[in-house]
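# Examination of the molecular architecture
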Amino acid sequence: MHNLQQRLSATFSFAVSALFTVLGVVAAISWVTGYGTAATKVNVRDIRVIQSRYGPDYFDYGRKTSEFGMLKFDIDADLTPLFNWNTKQVFVTVVAEYETKTHNKNQVVVWDKIIRDKDSAKINLRKVSNKYALIDFSQKWRNQVANLSVHWDVTPHVGILQNGRGDTSSVKFTFPKFESSGGR
Amino acid sequence: MFEELRRLNKRQVALQVLNILMVLTSALMIWKGLALATNSESPIVVVLSGSMEPAFHRGDLLLLANPASQPVQVGDICVFQIPHRDIPIVHRVIKLHDEAKTGKQFLLTKGDNNNVDDRGLYNARQMWINKEHVVGRVRGFMPYVGMVTILMNDYPQLKYVMLGVLGLFVLIHRE
């Protein structure tokens, strides 16, 4: 009536459907409950503009007059609320956002960090320099006003990725116009 | 097993073949239906490299969506394909410039586990990728499940063995 092959196949298919049901329930719970929000604060210490052909990433931008922002900022963030039983990692970024005439939305990540456990989820850093090139699409900064804020992206052990940003953390700053130091 | 196969008459064989076709076409329908719902030509992908570790490892399964009404945001993990390259890449967007006049998006990506951004992976002198290169944005994550397809790609014989065994089972399995 029931041979070994049928029993094995029935057991296997039941195990697989049970496993995927559990994974689905886990994903659904985390999607409904969410990950809460983190308390974040950034503070701009200093912003300068320099001209160079190569960025901090050693990428060749083609002209000697390409302008890079040199930013110094403080970060205070407590990301512990984002950690629960279904948090694999939190990816934190500090993002500069601004609008220009030709490009209505510009977002440039200036700093990022991977956080894997609750113990390292409190960040207090002073005078951090931008990790990535802070250069506009036009490769020029003309008294540009920009906003600095903290964003995060939660990767679960299983389920839906969720992201958020600290709205209260955003701070305005202005790129100065480049002035060559060699007076003629 | 083979005795059973011999005992089947023509009608039963035809029924089993139809059953196999049913299974294949429903799988295709589900895949294409998902593609329509998510607006992504390939809504499920398997991670092939370690460039997004520790978030994604080789063999993890990713669910993608690419809603046309939602522009790409900085921090989104995108699956994109450079023209004339076979293998799509899963990396995070670190720079984004939206052109006001055309709405065209200029994106720069980087793997979390890489030291430098992806300009070295793009075509020569290519500085940006655009939304048309983006196959989808990662929405869901499931570990290990994609290992099966990686094994089948690494050992193609395994694929034929599995297909053969499955086909034989369907053929001789009778309710």
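Here is what the cut-offs are and how they apply
- Residues numbered from 1 in each chain as written.
- Chains lettered and ligands numbered in written order.
- Predicted model: local features only at pLDDT ≥ 70, side-chain atom pairs only at ≥ 80, totals over all residues.
- Heavy atoms only, no water.
- Salt bridge = Lys/Arg side-chain N within 4 Å of Asp/Glu carboxyl O.
- Helix = DSSP H or I, 4+ residues; strand = E, 2+ residues; numbered from the N terminus.
- Buried < 20%, exposed > 50% of the residue type's maximum accessible area, 1.4 Å probe, protein only.
- Lys, Arg positive; Asp, Glu negative; His and termini not counted.
- Contact = heavy atoms within 4.5 Å.
- Domains from an automatic or database assignment.
- Buried area = accessible area lost by both parts, 1.4 Å probe.
- Nonpolar A, V, L, I, M, F, W, Y, C, P; charged D, E, K, R; others polar.

## Topic: the pattern of salt bridges
Following the criterion strictly, the structure yields nine salt bridges over all chains and no others. Between D112 of chain B and R92 of chain B there is a salt bridge, with its nearest N and O atoms 2.9 Å apart. Residue D112 of chain B is located in the loop between β5 (105-110) and β6 (134-142), and its partner R92 of chain B is located in strand β4 (residues 89-99); the two are separated by 20 residues in the primary sequence. Taken as a pair, D112 of chain B and R92 of chain B share a single burial class, namely buried. Connected via shared salt-bridge partners are D153 of chain A together with R92 and D112 of chain B.

## Re the side chain of D76 of chain B
Along the chain, D76 of chain B turns up in the loop between β2 (61-65) and β3 (77-80). Buried and unpaired, D76 of chain B has no salt bridge, with R137 of chain B as the nearest side chain of opposite charge at 4.3 Å. Contact partners of D76 of chain B, with chain neighbours within four places excluded, come to N163 of chain A together with H91, R92, V93 and R137 of chain B.

## Let's talk about the domain arrangement of chain B
Quite often, the size of an interface is put as the accessible area lost when its parts meet. Residue and element names in this part refer to chain B. Taken domain by domain, chain B consists of domain 1 (2-38 + 148-172) and domain 2 (44-144). Here the C-alpha centroids of domain 1 and domain 2 sit 33 Å apart. Contact residues are listed per partner, giving six residues for domain 1 and 10 residues for domain 2. Between domain 1 and domain 2, roughly 530 Å² of surface is buried when both sides are summed, and carbon and sulfur atoms account for 61% of that area. Three residues stand out in domain 1 for area buried against domain 2, namely W31, T38 and I150, and they jointly supply 73% of the buried area on that side. Seen at the junction of domain 1 and domain 2, the total is one salt bridge. The salt bridge partner of R58 is D154, with a shortest N-O separation of 3.3 Å. Secondary-structure elements contributing two or more residues to the side of domain 1 that touches domain 2 are α2 (10-38) and α3 (147-154). Of the residues belonging to the side of domain 1 that touches domain 2, the class tally is three nonpolar, two polar and one charged.

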